[in-house]
Structures are given as structure tokens and as C-alpha cells.
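An overview of the molecular structure
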Amino acid sequence: MDNCIFCKIVAKQIPSSIVYEDDDLLAFKDIRPAAPVHLLVIPKRHIGTLSDAKSEDTVLLGKLLALAPKLAAEHGCAPVLQADGSLQGGYKTLINTGPDGGQEVYHLHLHVIGGPHAWRGQH
């Protein structure tokens with residue numbers, strides 16, 4: 001897509017704080033973070049929304065989702081089992097789809113949001 005900001009980030013036409021890259025995916029820090037950890041994971045190939053994904057994208061979607069816990073661990077927000085058996089920490093994953101789903105950039109992306117109750121605005 002010629003005017004897609006995420007395609008331009010993939011093409012390195014727009015700078016970003018890249019935290020992960022392979023042949024299929026790119027992950028970078030959100031420029032308007034909603035939490036101490038706020039990463040975006042995108043496929044390098046343009047897919048407008050989750051609803052635009054085809055059956056042949058199943059492996060790519062699995063890879064996209066499987067990367068979230070790895071990135072969360074690397075950025076210090078993975079859940080950690082405590083000595084008393086309880087969990088501490090954690091992160092939220094989010095895919096906004098379409099206007100009513102809150103999607104602002106029409107290139108499929110997965111948010112990885114972490115920190116103390118980050119989704120409640122309590123940093």
C-alpha cells in the first residue's frame with residue numbers, strides 16, 4: 001500500500017524503535033504508548049484488518065500471536081510465578097479491527113501492552 005504508515009515503517013522509510021524483526025514480522029515501540037510497555041507487532045506483508053486475513057494467512061497469524069509472550073518476557077512484563085504460587089505481572093494483547101473496533105491504522109497489528117494494570121491507565 002502506497003500510503004500505509006506501517007508499510008513505510010517496514011520499508012524503513014519512516015524511523016521506528018524496532019525491537020524484533022524477521023522475514024515475516026516487525027515489532028516496534030508504539031509512539032503513543034498507553035503503558036510502560038506498548039509494542040506493535042505487524043506482518044511485513046500488508047493485510048488491512050484481521051477480517052481481511054485469508055486461510056493461507058493462518059501460519060502468519062499464529063506466528064504473530066506466538067511472538068507476544070516472547071516480547072513481553074524480553075520487556076519485563078511477562079507473568080512470573082511467585083514462591084507462594086501466585087502470579088505477578090502480565091500483559092494484554094489487543095487487535096483492533098475496523099472503525100467500531102477502534103482501528104486507526106489499516107494494517108493488521110497486534111498491541112502488546114504491559115505494566116501494572118496498564119489497560120486501566122495506572123502506570
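The structure contained in this document is the topic of the report that follows. Just so we're clear, the structure is a prediction, and the values are computed from it rather than from any experiment. (Residues numbered from 1 in each chain as written. Predicted model: local features only at pLDDT ≥ 70, side-chain atom pairs only at ≥ 80, totals over all residues. Heavy atoms only, no water.)

Observations regarding the state of the cysteines
To keep things clear, this is the line we draw: Only a pair of cysteine sulfur atoms within 2.5 Å qualifies as a disulfide here. Relative accessible area decides the class of each residue, using a 1.4 Å probe on protein chains only: under 20% of the type maximum gives buried, over 50% gives exposed, and in between gives partly exposed.
Inspection of the entire model under this criterion finds zero disulfides. Free cysteine: cysteine 4, not disulfide-bonded; nearest cysteine sulfur from cysteine 7 at 3.7 Å. Relative accessible area serves as the criterion here: at 8%, cysteine 4 is assigned to the buried category.

Observations concerning the packing of aromatic side chains
For clarity, the threshold we go by: A pair of Phe, Tyr and Trp rings is counted when the ring centres sit within 6.5 Å of each other, with Trp represented by its six-membered ring. The angle between the planes then sorts it: under 30 degrees is stacked, over 60 is edge-to-face, the rest tilted. Put simply, DSSP marks the helices as runs of H or I at least four residues long and the strands as runs of E at least two long, and each gets a number from the N terminus on.
This structure, assessed with the given rule, holds one aromatic pair. Ring geometry for phenylalanine 6 versus phenylalanine 28: centroids 5.5 Å apart, planes at 75°, classification edge-to-face. With phenylalanine 6 in helix α1 (residues 5-10) and phenylalanine 28 in strand β2 (residues 25-29), this residue pair connects regions lying 22 residues apart in the sequence. Of the two residues, phenylalanine 6 and phenylalanine 28, both sit in the buried class.

What to know about helix α2 (residues 58-74)
Helical geometry note: an α-helix holds 3.6 residues per turn, so side chains three or four residues apart project in the same direction. We apply this condition: Helices are assigned an expected span. That span is 1.5 Å times one less than the residue count. Only heavy atoms matter for contacts: two residues are in contact if any of them lie within 4.5 Å across the pair.
Between its first and last C-alpha, α2 extends 25 Å over 17 residues, near the 24 Å set by a 1.5 Å rise per residue. Buried residues of α2: Leu60, Leu64, Leu67, Ala68, Leu71 and Ala72, and no others. Elements in contact with the buried residues of α2: β1 (18-21), β2, β3 (37-43), β6 (91-94) and β7 (110-114). Directly after α2, the chain includes glycine 76, whose backbone phi takes a positive value near 80°.

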